[in-house]
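Topology and contacts: notes
The chain contents come next:
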Amino acid sequence: MSLLEVEGLTKHYPVTQGVLKREVSRVRAVDGIDFDVERGETVGIVGESGCGKSTAATSLLRIEEPTDGVVRFDGDDITDYGKADLKRFRRRAQMIFQNPKSSFDPRMSMGDSVAEPLKIHGMSDPNRRRAIVEDLLERVGLSADDADRYPHEFSGGQKQRIALARALSVNPDFIVADEPVSALDVSIKSEILSLMEDLQEQFDLAVLLISHDMGVVRQVCDRVNVMYLGEIVESGPTEEVFENPQHPYTAALMSSVPTPDPRKRGMGTELTGDVPSPSNPPEGCRFHTRCPAVIQPEGYDMDQSAWRNVVDLKTRLRNEGVDLEALAEQHAAETDDESTDPADYGTDELADMAREEFDIPAQLGDPGADDVLERALDSVATGDQDEAQALLDREFATVCEREEPPRQQIHDGRSSACHLDGETVGAVALSDD
Amino acid sequence: MSDTDDETEPRTGATTETDAGVRDGPDADSEPLLSISDLQVHFDTREGTVRAVDGVSFDVHPGEVVCVVGESGSGKTVTAESITQLIDMPPGRIAGGEVLFGGRDLTELSDKQLRSVRGSRIGHIFQNPQGALNPVYSVGWQIREAVRLHRDVSKEAAHEEAIDLLDRVGIPNAAERVDEYPHEFSGGMRQRVVIAMALAAQPDLLIADEPTTALDVTIQAQILRLLKEIQEEFDTAIVFITHDLGVVAEMADRVVVMYSGKVMERGDVYEVFERPAHPYTQALMRCLPGRGRTETTEAIGGSLPEPTDPPDGCRFHPRCSLAIEDCAVGQQPALEGVEFEDDSHVASCVFYQPGYDDTTVREQARDLSVGGADGTETHTDGDSAPDGVDSESAGADSVDAEAGGERR
């Protein structure tokens, strides 16, 4: 049995309106994630800001109440816990935060800060508390005397050491570390990480590490879960996931990290666009609006990058639509043409402007597809965007937009949620440009 | 206090033939666009004078990307902000040195003269795009302002230019979004807006201070590519401040490594990454996973020196694994050529001074060269022959260094 088992963990924030607090929509910060953490193991959750990784951490510790899902700690479902049980659970599960500056009370000596969890959890003898604090400070590489000093006397790295000491004071089994080294300099970063590894061994801790930093995750995690827009898209042993990513998002994420080697410049896959809003995540696969490997419609064989841009057009038509006035205005800004009124331009001209806006090449690499796109762009240019959207949806239907990809088991402990199989992902990720 | 003479530069003027092979892209023989020499920036605080920048020198040639890399407190941001005197004065003051830009010493200019340089010939991009934009005006309004402040054009023309700039920095649907307000843009898009504003005056030099640090990696990759495109398209020189060696490798033509207000090492990007000469640079590289012979990283240990009371001798010596007694006395060692007598790759370390045994420090450099990791990183697309990477003169060092394959 794993120490921590998370099943279908969900956290939605309602967006309300008016005095009656009517719910108008919800931000799906975490939308049904499953993972587990074994005793003594370090598991990472990696993803970009807004993917829900921090919310996952706070809701599994019930710092925020999860909307749904089961969190089993040592076999017990902690989502059922009452106040007393929860307090007992929190002694065994501690958290470390990103910013060591704001996680200490500036008017409390470091010793008092480190001893505070002990006090809360019922150790009333100050001498014993003091002895534990001094021992812990030495274990994290500081001296016992530091207990009497105040937060401003310490550097960021030292504060993070003390934060570790504080988390360890109640002898927990499990630590959630939310971006523990993101605020630190490189030279300090690896120091804190190796300290964490040492302590983990000494105390036989399970650690859940939340980070956006691929390097950090790779350095310390045994297994990793990659999150995108509230969902886990891929998980597995860290080295395997990094060496051979099965999900296009993982592949793109890995290759976005600049390699410290000037001879490998610009070799990464570039993701276009921004992360969509979690209050209105895309249908089907949530990554399809940015995915470089988005699957082509059946019966067509376009250049992948051209197809990617066509999907951008489709996405725009589905959401805000293409603004012809803006196109004309932009055209006027870029060329000598004066008019910003779309009525002054012919259908062909407007269609070309739309094509240019989405960087769609003149030829898609498939004559049949060219024909469909041309008709769609003509509809856009004549203002009949519904028709354009219907046509594209009918002709250029892709499974990525329609169906949510199931999480596929690749082998025991390794899974990925993509309609493509792994080999194709690797090929697409490498064939960029 | 003769801080001024601790950086005697072996400037040989024309670059030597061996050196010419190292350069690519920007013309190293041209007149520098920006030339900082022996810059001293001090802050008077209650605890004493902080020599945030203590004798920093480097040149930026037209169209070149120079990365200034260092940890927090190294003085990299103060250096960048001192170029156009964006630092608060007082408590800050430029205590010495010159900043030559287009033949004029910027440290001598009046406020009014400086304003005509700032934003027009030198553009700024900051770490936090939120702070650089005014929340109550539309982004179009702000770019129009930037355009009209520096060029005499009509409102309509400025508006068109704003749309064009937004489109050029990769904002989709630019003509519509030009009327939106900063809060309606995502972090990455906001940084694009800031870049568009900086480009409005068509500057010769962009100073980018950690422009991608607040962004996610996928967005960082987009912004880095955009800056690269701008540099190539407009031949804009960029001074790029960062703490991230990955970003340096991606962007730089030349690198300046700073520590505690001093330049530790300076040189061509390939030189610095393949033969990191200064023990500090070497230590930074060892903090990165996948460098050197082992996969493990190694922490530097210790902490940055007290800014009001830096150690004597080399600022890095208390944390340096190679430090000898001589490191702890006198001034920061002068920058000496690592391979050649010229300015192409210099380090401020006692071992490169005449009369010291540089075997160990050079061995460490060799171990850290990218190709040095046993077979782990060497398989780029190695078919292309390494073209003339000054290997002849470097001797044994080059064997490892070249395995990486093609140039760009």
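What counts and how
Residues numbered from 1 in each chain as written. Chains lettered and ligands numbered in written order. Predicted model: local features only at pLDDT ≥ 70, side-chain atom pairs only at ≥ 80, totals over all residues. Helix = DSSP H or I, 4+ residues; strand = E, 2+ residues; numbered from the N terminus. Contact = placed C-beta atoms within 7 Å. Buried ≥ 20, exposed ≤ 12 C-beta atoms within 10 Å, placed from the backbone. Nonpolar A, V, L, I, M, F, W, Y, C, P; charged D, E, K, R; others polar. Pairing = 2+ DSSP bridges. Axes fitted to C-alpha atoms, helices over the stretch in contact; angles between N-to-C directions. Core = buried A, V, L, I, M, F, W, Y, C linked by C-beta atoms within 7 Å. Domains from an automatic or database assignment. Parallel < 35°, antiparallel > 145°, perpendicular 65-115°, else oblique. pLDDT = per-residue confidence, 0-100. Right-handed = clockwise from strand over helix to strand, strands pointing away.

For the rest of this paragraph, the subject is the overall build of chain A. Across its full length, chain A carries 16 helices and twelve strands. With respect to the principal axes defined by its C-alpha atoms, chain A has extents near 85 × 60 × 45 Å. Of all intrachain contacts in chain A linking residues separated by at least 6 positions in sequence, the fraction that spans at least 24 positions is 66%.

So, on to the overall build of chain B. Tallying secondary structure elements over chain B gives 15 helices and twelve strands in all. Residue burial in chain B is summarised as follows: out of 408 residues, 51% are buried.

Tallying the contact residues gives 47 residues for chain B and 38 residues for chain A. For the side of chain B that touches chain A, the secondary structure elements donating two or more residues are α6 (155–168), α7 (174–177), α8 (187–199), α9 (217–234), α10 (245–251), α11 (269–274) and α12 (279–286) of chain B. Among the elements that line the side of chain B that touches chain A, the one with the most residues is α9(B), at six residues. Taken together, the residues that form the side of chain B that touches chain A break down as 20 nonpolar, 15 polar and twelve charged.

Turning our attention to the sheet that holds strand β9 (residues 223–228) of chain A. Residue and element names in this part refer to chain A. If you trace the eight strands from one edge of the open sheet to the other, you get β6-β7-β8-β3-β9-β10-β12-β11, paired in mixed fashion. Two strands close off the open sheet at either side, each with one partner strand: β6 (93–96) and β11 (408–411). Each strand of the sheet is rotated relative to its neighbour by a mean of 20 degrees, with strand direction disregarded. Pairing of strand β3 (residues 42–46) with strand β8 (residues 206–211) involves five bridges; the strand directions are parallel. By the bridge assignment, Gly 44 is partnered in β8 with Leu 209.

With that settled, the discussion passes to the environment of Arg402(A). Residues and elements named next belong to chain A. Inspection of the secondary structure puts Arg 402 in helix α15 (residues 399–402). On the basis of neighbour counts, which here come to 13 C-beta atoms within 10 Å, the residue Arg 402 falls in the partly exposed class. Residues Arg 402 and Pro 282 lie 120 residues apart in sequence; the distance between their C-alpha atoms is 9.7 Å. Those residues in contact with Arg 402 that sit more than four places away from it in its chain are Gly 284 and Ala 397.

All right, on to the nonpolar core then. If you look at the biggest cluster of nonpolar residues, it comprises 226 residues, and the most contacted ones within it are Val66(B), Cys67(B), Ala196(B), Val239(B) and Phe240(B). In terms of residues, this core owes the most to one element, α8(B), which gives eight residues. Split by domain, this core shows at least three residues from each of two domains, domain 1 (4–109 + 167–188 + 199–243) and domain 2 (304–397) of chain A. With near-sequence residues (within four places) excluded, Phe240(B) lies in contact with Val65(B), Val66(B), Cys67(B), Ala208(B), Met251(B) and Ala252(B).

Here chain A is described as being made up of domain 1 (4–109 + 167–188 + 199–243) and domain 2 (304–397). Computed from C-alpha coordinates alone, the two centres of domain 1 of chain A and domain 2 of chain A are separated by 43 Å.

The α-helix advances 3.6 residues per turn, and as a result positions three or four apart in sequence lie on the same side. Residues and elements named next belong to chain B. Burial runs high along helix α2 (residues 76–83): eight of the eight residues are buried. For α2, every residue scored as buried is listed here: Lys 76, Thr 77, Val 78, Thr 79, Ala 80, Glu 81, Ser 82 and Ile 83. Looking one or two places after α2, you find Gln 85, whose phi comes out positive at around 55 degrees.

Excluding glycine, most residues fall at negative phi; most peptide bonds, likewise, are trans. One non-glycine residue, Asn171(A), lies in positive phi territory at about 55 degrees. Here Asn171(A) is to be found in the loop between α5 (156–168) and β7 (174–178). With phi around 55 degrees, Asp235(B) is a residue other than glycine that occupies positive phi space. Within the secondary structure, Asp235(B) is located in the loop between α9 and β8 (237–242).

Moving on: the packing of helix α12 (residues 347–357) of chain A against helix α13 (residues 367–381) of chain A. Residues and elements named next belong to chain A. One way to put it is that α12 packs onto α13 with a least axis distance of 8 Å and a crossing angle of 110 degrees. The angle between α12 and α13 falls in the class roughly perpendicular. The segment α12 lies against α13, with Thr 347, Leu 350, Ala 351, Ala 354 and Arg 355 engaging Leu 377, Asp 378, Val 380 and Ala 381. Here the contact of α12 with α13 is composed, by residue class, of six nonpolar, one polar and two charged.

To continue, consider the sheet that holds strand β6 (residues 122–125) of chain B. Across a sheet, paired strands are connected by hydrogen bonds in the backbone, their directions being either parallel or antiparallel. Residue and element names in this part refer to chain B. What the eight strands build is an open sheet, ordered β6-β7-β8-β3-β9-β10-β12-β11; its pairing is mixed. With partners counted over all chains shown, the strands left at the sheet margins are β6 and β11 (336–337), one partner each. Relative to β8, strand β7 (residues 205–209) is paired through five bridges, and the arrangement is parallel. By the bridge assignment for β8, Leu 206 is matched with Ile 238. Against the sheet, α8 makes contact with β6 and β7, and its axis sits at roughly 170 degrees relative to β6, the strand it touches most.

With that settled, consider the pairing of β7(B). Residue and element names in this part refer to chain B. With five of five residues buried, β7 is to be regarded as a mostly interior element. Residues Leu 205, Ile 207 and Asp 209 line one face of β7 and the alternating positions Leu 206 and Ala 208 line the opposite face, and both faces are buried. Note that β6 and β7 share four bridges and pair parallel. Of the residues in β7, the one forming a bridge with Gly 123 is Leu 206.

A separate point is the packing of helix α3 (residues 110–120) of chain A against α5(A). Residue and element names in this part refer to chain A. Where α3 meets α5, the closest approach of the two axes is 7 Å, and the angle between their N-to-C directions is 30 degrees. Packed against α3, whose contacting residues are Met 110, Ser 113, Val 114 and Pro 117, the element α5 presents Ile 162, Ala 165 and Arg 166 at the interface. Of the residues that constitute the contact of α3 with α5, the class distribution is five nonpolar, one polar and one charged.

All names here are of chain B. Averaged over chain B, the pLDDT score is 79; the fraction of residues at 70 or greater is 81%. Low pLDDT, under 50, characterises residues 1–27; the stretch is placed with 58 contacts to residues that sit more than four places away or in other chains. Low pLDDT (under 50) marks residues 371–408, which in the prediction has 62 contacts with non-local residues, meaning those over four places away or in another chain. Among the scores for the predicted complex, ipTM is 0.82 and pTM is 0.82.

In this section: the environment of Leu226(B). Residue and element names in this part refer to chain B. Along the polypeptide, Leu 226 turns up in helix α9. Judged by local crowding, Leu 226 falls into the partly exposed class, with 18 C-beta atoms found within 10 Å. Measuring from C-alpha to C-alpha, the distance between Leu 226 and Glu 31 comes to 26 Å, with 195 residues separating the pair along the chain. Apart from the residues within four sequence positions on either side, Leu 226 is in contact with Val 169, Gly 170, Arg 192 and Ile 195.

Residue and element names in this part refer to chain A. The buried count for β7 comes to five of five residues, which makes it a mostly enclosed element. Side chains Phe 174, Val 176 and Asp 178 project from β7 onto one buried face, and the interleaved Ile 175 and Ala 177 project onto a second face that is buried too. Direction of pairing for β6 relative to β7: parallel, over a ladder of four bridges. Across the sheet, Met 95 pairs through a bridge with Val 176, a residue of β7. At this point the chain moves from β7, through helix α6 (residues 186–203), to the parallel β8, and the crossover so formed is right-handed.

Here the focus is the environment of Tyr345(A). Residues and elements named next belong to chain A. The topology assignment puts Tyr 345 in the loop between α11 (324–334) and α12. Looking at Tyr 345, the number of C-beta atoms within 10 Å reads 20, which means it is buried. Distance in space between the C-alpha atoms of Tyr 345 and Ala 328 is 8.1 Å, their sequence separation being 17 residues. With near-sequence residues (within four places) excluded, Tyr 345 lies in contact with Ala 328 and Leu 350.

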